[in-house]
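# Reading the structure
Residue strings, one per chain:
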Amino acid sequence: MHEFSICSALLEQVAALAGKRGASAVQRITIEVGPLSGVDPGLLQAAFAVLRTGSCSAGANLFIDTPPVRIRCMACGAESITPPNRLACAQCGSFRSRIVEGDELRLRRVEMSVPALPPKQTVRSAASIH
Ligand SMILES: [Zn+2]
């Protein structure tokens, strides 16, 4: 399953971040999954529940943010937010559009505990997962 390989790539990225910071455990992982990314958030959660076992994220929660779909119209240049199944310009109704946001899959934030530092550290990231 697609979501399993994405999830294991995600866990590797998180483990690398945790290793760099000398973190003992990861508490919370926030990712952004666009409605057009082709990834099912439910399947991703299910994969996470299985794959986190034995990793530094074993006790972590996965939060999935779903950003809106934003397009730029090639006809009139307007940017609009549209439902994922109808990528038409809100200004002029043209379907000639480019996706500005909505197809991303991104690691946003990792919260981890690092011994000898204030208990909670947040690492912000904008790295693409795959
Ligand atoms: Zn337009």
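As the structure is a prediction and not an experimental result, all values here were calculated from the model.

With that settled, the discussion passes to the domain arrangement of the protein. Assigned domains within the protein: domain 1 (1–66 + 102–130) and domain 2 (68–101). Taking the mean C-alpha position of each, domain 1 and domain 2 sit 30 Å from one another. Facing the 6 residues of domain 1 at the interface are 6 residues of domain 2. Summing both sides of the interface, domain 1 and domain 2 together bury roughly 480 Å²; the carbon and sulfur share of this comes to 69%. Contact with domain 2 buries surface across domain 1, with Pro 35, Leu 36 and Gly 102 losing the most and accounting together for 70% of the total. Seen at the junction of domain 1 and domain 2, the total is 0 salt bridges.

All right, on to the coordination of the zinc ion then. Binding of the zinc ion to the protein goes through Cys 73 (SG), Cys 76 (SG), Cys 89 (SG) and Cys 92 (SG), at separations of 2.3 to 2.4 Å. Relative to the metal, the 4 donor atoms surrounding the zinc ion lie at angles of 106 to 116°, and the coordination shape comes out tetrahedral. Here the donor residues for the zinc ion map to a single chain with the spacing C-x2-C-x12-C-x2-C. Within this pair, whereas Cys 76 is found in the loop between β3 (69–73) and β4 (79–82), its partner Cys 92 is found in the loop between β4 and β5 (97–101), the two being separated by 16 residues in sequence. Given the relative accessible area of 41%, Cys 76 is considered partly exposed.

Tallied over the entire structure, the rule returns 0 aromatic pairs. In this structure, Arg 28 is placed above the aromatic ring of Phe 63, and the distance from its NZ or CZ to the ring centre is 3.8 Å.

Those residues of helix α2 (residues 41–51) that sit buried are Leu 44, Ala 47 and Phe 48. When α2 is viewed along its axis, its buried side chains cluster within an angular range of 105° and face the same direction. Each element contacted by the buried residues of α2 is listed here: α1 (2–21), β1 (25–33) and β2 (61–65).

With that out of the way, let us pick up the packing of α1 against α2. Two elements in contact, α1 and α2, have axes separated by 9 Å at closest approach and are oriented at 55°. Taken together, α1 and α2 sit at an angle that is classed as oblique. Viewed along their axes, α1 and α2 form a crossing whose handedness is right-handed. Across the interface between the two elements, Glu 3, Phe 4, Ile 6, Cys 7, Ser 8 and Leu 11 from α1 touch Leu 43, Leu 44, Ala 47, Phe 48, Val 50 and Leu 51 from α2.

Below, the discussion takes up the sheet that holds β5. Reading across from one edge, β4-β3-β5 is the order of the 3 strands in this open sheet, with antiparallel pairing throughout. The open sheet has two edge strands with one neighbour each: β4 and β5. Mean inter-strand twist for the sheet, computed between neighbouring axes without regard to direction, equals 40°. One ladder, built from 4 bridges, connects β3 with β5; its direction is antiparallel. Pairing of Arg 72 across the sheet is with Arg 98, part of β5.

What counts and how
Residues numbered from 1 in each chain as written. Predicted model: local features only at pLDDT ≥ 70, side-chain atom pairs only at ≥ 80, totals over all residues. Heavy atoms only, no water. Domains from an automatic or database assignment. Contact = heavy atoms within 4.5 Å. Buried area = accessible area lost by both parts, 1.4 Å probe. Salt bridge = Lys/Arg side-chain N within 4 Å of Asp/Glu carboxyl O. Donors = N, O, S within 2.8 Å, 3.2 Å for Na, K, Ca; no water. Tetrahedral: all angles 85-135°; square planar, octahedral: opposite > 155°, others 65-115°. Helix = DSSP H or I, 4+ residues; strand = E, 2+ residues; numbered from the N terminus. Buried < 20%, exposed > 50% of the residue type's maximum accessible area, 1.4 Å probe, protein only. Phe/Tyr/Trp six-rings, centres within 6.5 Å; stacked < 30°, edge-to-face > 60°. Lys NZ or Arg CZ within 6 Å of the ring centre and 35° of its normal. Arc of directions from axis to C-beta. Axes fitted to C-alpha atoms, helices over the stretch in contact; angles between N-to-C directions. Parallel < 35°, antiparallel > 145°, perpendicular 65-115°, else oblique. Left-handed = near helix turned anticlockwise from the far one by under 90°. Pairing = 2+ DSSP bridges.

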